Amino acid sequence: MSLLSIAQSKLDVVSDTINITQSRFTTKQTVPLSPTKSLAQELQNNVQLNYKNYGPGSIANLSLRGTSASHTRVLWNNVPIENTMVGQMDMSLIPSYFMNSYTIQTNQNMDGFAMPIGIGGNLSLFSDIEQKNKKWSANSYTERGSFDHYAQGASIAYHNKHWTIKQGGFYQQARNNYPYNVEGTDSIAYINHNQINQAAALSQIKFEPNKKIQLQGDLWVQNSAREIPPTSVQARSLSTQEDQILRTVLNYKGIFNRWKIQQTVSYTNENIHYVDPINLVDNNSRFSRFNVNNNIKRFGRFFDIQWQQSLAILNADIEKYTQPVQEKRYVSTLGISKKWKGLDINIQTSKHYNNQRKLPFTGGVFVHYQTSPLWQVKLEYSHRIRQASLNDLYWAPGGNELLLPEQAKHAEISQTIFLTKQNFAITAYFKDVQDWILWYRPAQNFFWVPENIQSVQVKGLAFSYDLNLDLFKLNASYSYIESTFGTSLSSPNINQGDQIWYAPVHNFNFALEGDFHQFDYGINHLFKSESQGINQAIPAYHLSDIYLKYNYSLAKINTSIKLTCNNILDSSYEIIEYRPMPGRSYMVSINIDL
């Protein structure tokens, strides 16, 4: 996570493989990923997500349902991986090649292994090891595209009755020297000083002595080096950043009669080296997180009981802190659920602890009602909190150790109609976030400071239509998100009722996918309405992508060749002001499974 991302945060601020019963109370859908399916594209095209990107290979973060990036928790194999300094995740540091599925969770039920949910929601990424009916398997993935983009991934796995061992590696590089239209003129300029090099390795081992017990260990190491380009109003930039990442996690799942137990232990260590020769900056930031999570569920005759506890120890040694910092954060959650005919009810309460400050109780009530296979309705009312990030508290100058945790009251109702080969869903929600943390610069200061402002209110409507026919699948989705400040400020200039920064009100996506003989094809169109940046408005934009994939098999070797054209309309657009995005670009990828 770079200093650019840190500044940005100041200005905004598995599905289980072991199941006893299939809960009707699911509020998250597992979406499969493959090497040829880009996680970034998936997230960008989701209308309930706001995917903010500084450009290809540059900093990217996301927010859910009109909140900020720091309100979205990002998990990998059930453990949080967001940056402990800023409390959000730089999505450009996640190799899609390692991930085979993801879920987006906006409801705080205790379905599956439920981590404490963010005020906006959770994005969970999974790199599960697939068990195959052969001793050895391997994969090779190669990608080449515009702006000197090159990526290579490879993995090999050994399988037997109880063990699976897998080793994967990934490398990518790109100059990202794309052209863009200079605002207000007919001139063309080129992005410069924007090269990225990234290498990563993932080692995994899974042990399944029987169908009721599973143990998996993962080790993820990565090094990313990138140049940080100038904005469109800067003459030049010489800034660079190197990220060194170590993530390890051990997951245990077990079922014993009516008991389901899941335990996770993880350790993350990251080092960020940021250099800006023009401003004589050379900073090293080191931080780590140790997590222990326990989830125990008892399936009863009349109701189910679930207890979860999560302990996180955060350590940071950063030149912009007055001294090294350690915080211990603990959450204990108790939930009771009851299923009766077509009705599911889940009630839970959580207590948060912190060695630095007092925190309130949270909880919620969740109801799912389904009288027939054709119709279902879900309701939720919950109270959520978010603790201030380490930068919010300890950054010097500006950090504020007296900050209160952000608290949100969330209400939601949704209904889905299921018809033959099609369904229609509508969701309405309201979120009142009190003590929202906002970085701003008081008139008498030369630096920014964080304060708890009165509130931010989010009102949203989401519509989705799915049609699944033999030859193609179609999805059309729209969301209306009104997310407004409840407080007026003079610097920056914010009026009560203004939409929060970088939050489009109208979001629309249309996707069509199909297959014909050995060919797969897809068309995707995205629309984002105008949004307000910190310095100026971000104009509305349309994006259209298409792809064509050819699949064939020979001697048990499965191969696919995919051609992709992104931004086929060659639209000029920005997601962050003064950060022009690329026009039309092309990609060809080859995936081989052995």
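As the structure is a computational prediction, the values presented were derived from the model and not from experiment.

Conventions adopted
Residues numbered from 1 in each chain as written. Predicted model: local features only at pLDDT ≥ 70, side-chain atom pairs only at ≥ 80, totals over all residues. Heavy atoms only, no water. Helix = DSSP H or I, 4+ residues; strand = E, 2+ residues; numbered from the N terminus. Rg over C-alpha atoms; globule rule 2.2 N^0.38 Å. Buried < 20%, exposed > 50% of the residue type's maximum accessible area, 1.4 Å probe, protein only. Pairing = 2+ DSSP bridges. Salt bridge = Lys/Arg side-chain N within 4 Å of Asp/Glu carboxyl O. Patch = residues over 30% accessible without salt bridge, like charges linked within 9 Å, V, L, I, M, F, W, Y side chains within 5 Å. Areas by Shrake-Rupley, 256 points an atom, 1.4 Å probe, with all protein chains shown as cover. Phe/Tyr/Trp six-rings, centres within 6.5 Å; stacked < 30°, edge-to-face > 60°. Lys NZ or Arg CZ within 6 Å of the ring centre and 35° of its normal. Core = buried A, V, L, I, M, F, W, Y, C linked by side-chain atoms within 4.5 Å. Contact = heavy atoms within 4.5 Å. pLDDT = per-residue confidence, 0-100. Polar contact = N/O pair within 3.5 Å; in protein donor to acceptor, adjacent residues only side chain to side chain.

### As for the overall build of the protein chain
Tallying secondary structure elements over the protein chain gives three helices and 33 strands in all. Compactness check: the protein chain gives a C-alpha radius of gyration of 24 Å against a globular reference of 25 Å for 594 residues, within 12% of the reference. With respect to the principal axes defined by its C-alpha atoms, the protein chain has extents near 65 × 60 × 45 Å. Here the protein chain holds 594 residues, and the buried ones make up 54% of them.

### Let's talk about the sheet that holds strand β5 (residues 79–80)
The five strands lie next to each other as β1-β6-β7-β4-β5, forming an open sheet whose pairing is mixed. Each having just a single partner strand, β1 (31–32) and β5 make up the two edges of the open sheet. Here strand β6 (residues 101–105) pairs with strand β7 (residues 121–126) via five bridges, running antiparallel. Its bridge partner being in β7, Q105 is matched across the sheet by N122.

### What to know about the pattern of salt bridges
On inspection of all chains with the given rule, the structure shows twelve salt bridges. Notably, a salt bridge pairs R386 with E406, separated by 2.8 Å at the nearest N-O pair. Here R386 is found in strand β22 (residues 375–386), whereas its partner E406 is found in strand β23 (residues 406–419), with 20 residues between them in sequence. For the pair shown, R386 and E406 are each scored as buried. Three or more residues joined by partner-sharing salt bridges are found here, namely R386, D392 and E406.

### Looking at the pairing of strand β16 (residues 259–276)
Sheet topology places strand β15 (residues 240–256) next to β16; 17 bridges connect them, and they run antiparallel. Each bridged residue has a counterpart across the sheet, and for D243 the counterpart in β16 is I272. In this structure, the hairpin formed by β15 and β16 is closed by a connection of two residues, where N257 is found at a positive phi of approximately 55°. Two strands pair when backbone bridges link them, and β16 and strand β17 (residues 281–298) are joined in this way by 18 bridges, in the antiparallel orientation. Looking at the pairing, Y267 lines up with F290 of β17. In this structure, the hairpin formed by β16 and β17 is closed by a connection of four residues, where L280 is found at a positive phi of approximately 55°.

### Thoughts on unusual backbone geometry
In this chain, A396 is followed by P397 through a cis amide linkage whose omega measures -5°. Among the secondary structure elements, P397 is positioned in the loop between α3 (390–394) and β23. At D435, a position not held by glycine, the phi torsion is positive, near 60°. Of note, D435 is situated in strand β24 (residues 422–440). Phi is positive for Y578, close to 65°, though the residue is something other than glycine. With respect to the secondary-structure elements, Y578 resides in the loop between β32 (557–566) and β33 (585–593). Residue classification places Y578 among the partly exposed positions, given a relative accessible area of 23%.

### Concerning a nonpolar patch on the surface
A cluster of nonpolar side chains, F302, F303, I305, W307, L334 and I336, forms an exposed patch at the surface whose accessible area comes to about 560 Å². Put simply, the parts of the chain that give the nonpolar patch at least two residues each are β18 (304–318) and β19 (325–340). In this structure, I336 sits in strand β19.

### Looking at the packing of aromatic side chains
Enumeration according to the criterion identifies 16 aromatic pairs in this entry. What links up through ring pairs into an aromatic cluster is the set W76, Y97, F98, Y141, F170 and W220. When the ring centre of Y429 is taken as reference, the NZ or CZ atom of R65 above it lies at 4.3 Å. Just above the ring of Y547 sits the side chain of K562; from NZ or CZ to the centre is 4.5 Å.

### Side note on the nonpolar core
Formed by 31 residues in total, the largest nonpolar core has its most connected members in L43, M91, I94 and L123. Among the elements of the structure, α2 (39–44), β2 (49–53), β3 (60–64), β4 (72–76), β6, β7, β13 (196–210) and β15 are those that each provide at least two residues to this core. Among the elements that line this core, the one with the most residues is β3, at three residues. Residues V433, V449, A503 and I576 belong to the second largest nonpolar core, which totals 21 residues.

### A few points about the pairing of β13
Looking at chain direction, strand β10 (residues 163–174) and β13 are connected through twelve bridges and run antiparallel. Paired with A174 across the bridge in β13 is I196. With 13 bridges connecting them, β13 and strand β14 (residues 213–227) associate as antiparallel partners. Note that in β14 the partner of Q198 across the bridge is S224.

### Remarks on the environment of K409
By the secondary structure assignment, K409 is in strand β23. Between the alpha carbons of K409 and A225 there is a distance of 40 Å; along the sequence they are 184 residues apart. Once residues within four sequence positions are removed from consideration, K409 is found in contact with Y381, S382, F430, K431 and D432.

### Here we look at the confidence of the model for the protein chain
Averaged over every residue, the pLDDT of the protein chain is 88; residues scoring 70 or more account for 94%. Segment residues 1–27 is flagged for pLDDT under 50; beyond a separation of four residues in sequence, or across chains, it makes 104 contacts in the model.

### Quick notes on the environment of R175
Take R175: it is sitting in the loop between β10 and β11 (179–181). Along the primary structure R175 and I453 are separated by 278 residues, whereas in three dimensions their C-alpha atoms are 41 Å apart. Ignoring any residue separated from it by four or fewer positions in sequence, one finds R175 in contact with F147, D148, N194 and Q195. A polar atom in the side chain of R175 sits 3.4 Å from the side chain of D148.

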